[in-house]
Amino acid sequence: MAGAHRPSTLRLGPSLAGLALLIGGCGKDPAGPPSPTVTGAQMSLAAAPPASIAAGGAVAGSVRVSNTLSDGSSRAVAGVTVTVVVEPASGVLTGTLTATTNTQGIAEFTNLTLGGAVGAYKLAFTGATGGFNLELRSDAIAVGPGAAEVFEAVAAPTPLTATITHSVRPLVRVRDHWGNPVPGVGVSFTILEGNGRLAAPSATTGAEGTAGPIWIMGPTPGLNRMRAETAALPSAAVTFQSTGTGFVHVVQVAAGDWHTCALVATGAAFCWGDNQAGQLGDGSEVSRLAPVPVAGDLLFSDIGIGEQHTCALVAGGDTFCWGRNGGNLGDGTRIDRNVPTRVLRDRRFRNIAIAGYHNCAIDAAGQTYCWTETLGIDGPTLWPSPVAFVAIERNALHTCGLTAEGAAYCWGENNFNGSGQLGDGTTVSKTTPTAVVGNHRFKALALGFTDTCGIDLAGAAHCWGYNHVGQVGDGTQLIRLTPVPVLGGHAFKAIAGGNNHMCGLDLGGLAHCWGGGAAGQLGNGNRPLVEPQPRAVAGGIQFVGIATAGVTTCAWTAAGTAYCWGFNNLGQVGDGTTTDRLLPTRIDQGQ
């Protein structure tokens, strides 16, 4: 209890006091003993405020004011005005903040409420009587969260970017009037649109006042909406919207001269780069610097890229194309398409190869069908071949196929500056598949603009054709009309060809590239004009697949992470910029 203060008074010395006593003893006897005098005053709690409340709760209490008398007794003091405030001042005390003591000396505070931030507060009472200034503080009052008043989205913007077949957790938060998080509030969640699902339809807010569902995106990109509601605020609701880009777990990349596409594990397709003819398939002609989903709900098994168009196979073998259409989309028109359009032919394919304005595919029987703007073939047409193929590859000027036994056949242009990319020992162009000489047995082929490579059953790489920047990989710049070994002694499991460069993955998944690298497409941090033998791609990343075309290269890991590097003038690297990349650059979720 704080001390009381009394104004100073005059005191008599001993001799004068004796004189006063002597004088007082003259005359008649006194009527009786003198009355007790006031020696102090005090303030005490008559009823203490509660030890804890919810913010905005009642803190009613009362204090007693009394005088302390010289005989040790106390006497209630009426008519004293007492004022109450909250400490610290960050608290919010409302109600009647003054009260007057009654005949029992008690000042009642019956309509006080205390709010503000969660924490510990005290009530401070002050008053004055008979020259004494009084002050009293209550014990600490713990203030917790008040009633729910605000229901809002936190930790995830609207709209948010979600991942297909992967989960996101958008959060809602419940706050009271003073902004305190309110725990223990039930929230329910409902899917409004899209093919996603919720791991649980409800949750309860925790200590931070937040709750959120595990929202698992469905297998198809597109609009997804989910609503959160709480019975504590029946008129409030929060809606989350996802663009559903889902560029995760890449299983195939197809690189083109000016744009790039990829398939994720669900079969959904994403594209980025140049889009002036609608070749990204997102329903627009707006170029994109990062992956965007191809429109519609189609799930693909194989994808290929041409100069300004794209084609892909659905799981059942139907073919869809989009982009520039000089007949190469195969839909019976010459109308450009910015969304996938079905190729008009009742034919199921298992492998498709696209380059330039040409398309070829093979059916389950190994027969080859091609359609091409250059030759005016508007839909898949059986291409004469002496053999059946199990895989097919093409570039802008020529096409090659592999038989079940690993024999390679090529056809098309063979005399670009005497290039010899068909590998038959001549520079004569061919319109029907012609065997590559040497009796090699290949497990994979890769076609550059005017050169060709294959990896044999042991993983050794052999290349042939034009070699002006070392793309044949034999340490020279000499044209090779038949397969020659690539230097370095690497055993490769995959190979891919660009305009003037080649890249392969060794058995450990490390990438090696050779040929021209002026745009950084070799991925070694430099821009060599000529690199006549394989050099390791920087970073030591272990890839499971690689693709290249033009002067851009891409590869992906077993975890489905995609990387690209090289020429990037139209965003074909997909990292959100138009800056050439000399090193592998990770491609994250789409815009």
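Provided above is the structure to which this section pertains.
Residues numbered from 1 in each chain as written. Predicted model: local features only at pLDDT ≥ 70, side-chain atom pairs only at ≥ 80, totals over all residues. Heavy atoms only, no water.

Quick word on the overall build of the chain
In step 1: Within the chain one finds one helix and 51 strands.
In step 2: Expected size for 591 residues packed as a compact globule is a radius of gyration near 25 Å; at 43 Å, the chain overshoots this value by more than 25%.
In step 3: C-alpha atoms of the chain, sized along the principal axes, occupy 155 × 50 × 35 Å.
In step 4: Burial status across the chain gives 50% buried among its 591 residues.
In step 5: Residue pairs at least 24 apart in sequence account for 52% of intrachain contacts in the chain once pairs closer than 6 positions are excluded.
In step 6: Counting every atom, the chain has about 24600 Å² of accessible surface; 54% of that belongs to carbon and sulfur.
In step 7: Seen as two clouds, the 32 positive and the 38 negative side-chain charges of the chain have centres 6 Å apart. (Helix = DSSP H or I, 4+ residues; strand = E, 2+ residues; numbered from the N terminus. Rg over C-alpha atoms; globule rule 2.2 N^0.38 Å. Buried < 20%, exposed > 50% of the residue type's maximum accessible area, 1.4 Å probe, protein only. Contact = heavy atoms within 4.5 Å. Areas by Shrake-Rupley, 256 points an atom, 1.4 Å probe, with all protein chains shown as cover. Lys, Arg positive; Asp, Glu negative; His and termini not counted. Charge placed at Lys NZ, Arg CZ, Asp CG, Glu CD.)

With respect to the state of the cysteines
In step 1: In total, this model carries seven disulfides according to the counting rule given.
In step 2: Sulfur-sulfur distance for the disulfide between Cys453 and Cys463 comes to 1.8 Å. One disulfide, between Cys453 and Cys463, carries an S-S torsion of 110 degrees and so falls in the right-handed class. Here Cys463 lies in strand β42 (residues 461-465) and Cys453 lies in strand β41 (residues 451-456), a separation of ten residues in the sequence. The same class applies to Cys453 as to Cys463, namely buried.
In step 3: Put simply, Cys503 and Cys513 are joined by a disulfide, and their sulfur atoms are 2.0 Å apart. Sign of the S-S torsion, about 110 degrees for the bond between Cys503 and Cys513, identifies this disulfide as right-handed. One end of the pair, Cys503, is in strand β45 (residues 501-506); the other, Cys513, is in strand β46 (residues 511-515), with ten residues separating them in the sequence.
In step 4: For Cys503, a relative accessible area of 0% gives the class buried. (Disulfide = S-S within 2.5 Å.)

What to know about the nonpolar core
In step 1: Residues Val82, Phe109, Leu114 and Phe125 are the most contacted members of the largest nonpolar core, which totals 26 residues.
In step 2: Contributions of two or more residues to this core are made by β1 (38-47), β4 (61-69), β6 (81-87), β9 (106-109), β11 (119-129), β12 (132-137) and β13 (141-144).
In step 3: Not counting chain neighbours up to four residues away, the residues in contact with Phe125 comprise Met43, Leu45, Val63, Val82, Thr83, Val84, Phe109, Leu134, Glu135 and Leu136. (Core = buried A, V, L, I, M, F, W, Y, C linked by side-chain atoms within 4.5 Å.)

Considerations on the side chain of Asp302
In step 1: Mapped onto the elements of the fold, Asp302 is located in strand β28 (residues 300-305).
In step 2: One buried charge, Asp302, has no salt-bridge partner; the nearest side chain with opposite charge is Arg350, at 9.7 Å.
In step 3: One polar contact links Asp302 to Gln252, side chain to side chain, over a distance of 2.9 Å. (Salt bridge = Lys/Arg side-chain N within 4 Å of Asp/Glu carboxyl O. Polar contact = N/O pair within 3.5 Å; in protein donor to acceptor, adjacent residues only side chain to side chain.)

Some thoughts on the sheet that holds strand β49 (residues 552-556)
In step 1: The strand order β48-β49-β50-β51 describes an open sheet built from four strands, whose pairing is antiparallel. Because the sheet does not close on itself, it has two edges, and the strands there are β48 (545-549) and β51 (581-587). Taken over all neighbouring pairs, the strand axes of this sheet differ in orientation by 20 degrees on average, direction set aside.
In step 2: Here β48 runs beside β49; their pairing, made up of five bridges, is antiparallel. The partner of Gly545 across the bridge, within β49, is Trp556. (Pairing = 2+ DSSP bridges. Axes fitted to C-alpha atoms, helices over the stretch in contact; angles between N-to-C directions.)

Observations concerning the packing of aromatic side chains
In step 1: Tallying each qualifying case throughout the model produces 13 aromatic pairs.
In step 2: Chaining the aromatic ring pairs together yields one cluster made of Phe349, Tyr369 and Trp371. (Phe/Tyr/Trp six-rings, centres within 6.5 Å; stacked < 30°, edge-to-face > 60°.)

Focus on the pairing of strand β30 (residues 319-323)
In step 1: When you tally the buried positions in β30, you get five out of five residues, the bulk of the element.
In step 2: The alternating pattern of β30 places Thr319, Cys321 and Gly323 and Phe320 and Trp322 on opposite faces, both of which are buried.
In step 3: As paired strands, strand β29 (residues 309-314) and β30 are joined by five bridges and run antiparallel to one another. Within β30, the residue paired with Leu313 across the bridge is Thr319.
In step 4: Between β29 and β30, which pair antiparallel and follow one another directly, the connecting turn spans four residues, one of which, Gly317, has a positive phi of 105 degrees.
In step 5: As paired strands, β30 and strand β31 (residues 337-342) are joined by three bridges and run antiparallel to one another. Following the sheet pairing, Cys321 is matched in β31 by Thr341.

Topic: the pattern of salt bridges
In step 1: With the rule as written, the count across this model stands at 17 salt bridges.
In step 2: For Glu229, the salt bridge is made with Arg227, and the minimal N-O distance between the two is 3.5 Å.
In step 3: Asp318 is the salt-bridge partner of Arg348, the closest N and O atoms lying 2.7 Å from each other. Of this pair, Arg348 sits in the loop between β31 and β32 (349-355) while Asp318 sits in the loop between β29 and β30, placing them 30 residues apart in sequence.

Observations regarding the environment of Arg581
In step 1: For Arg581, the position within the fold is in strand β51.
In step 2: Residue Arg581 is classed as partly exposed on the basis of its relative accessible area of 26%.
In step 3: Considered as a pair, Arg581 and Ala549 are 32 residues apart in the sequence and their alpha carbons are 15 Å apart.
In step 4: With residues near it in sequence (within four places) discarded, Arg581 still touches Ala519, Gly520, Trp565, Gly566, Val573 and Asp575.
In step 5: Reaching out from Arg581, the side chain makes a polar contact with the side chain of Thr577 at a distance of 3.3 Å.

Let's talk about the sheet that holds strand β22 (residues 224-229)
In step 1: Read from one edge of the open sheet, four strands run β19-β17-β22-β23, paired in antiparallel fashion. Where the open sheet ends on each side, the last strands, each with one partner, are β19 (202-204) and β23 (237-242). Pairs of neighbouring strands in the sheet enclose a mean axial angle of 25 degrees, with direction left out of account.
In step 2: Here strand β17 (residues 186-193) runs beside β19; their pairing, made up of three bridges, is antiparallel. Pairing of Ser188 across the sheet is with Ser202, part of β19.

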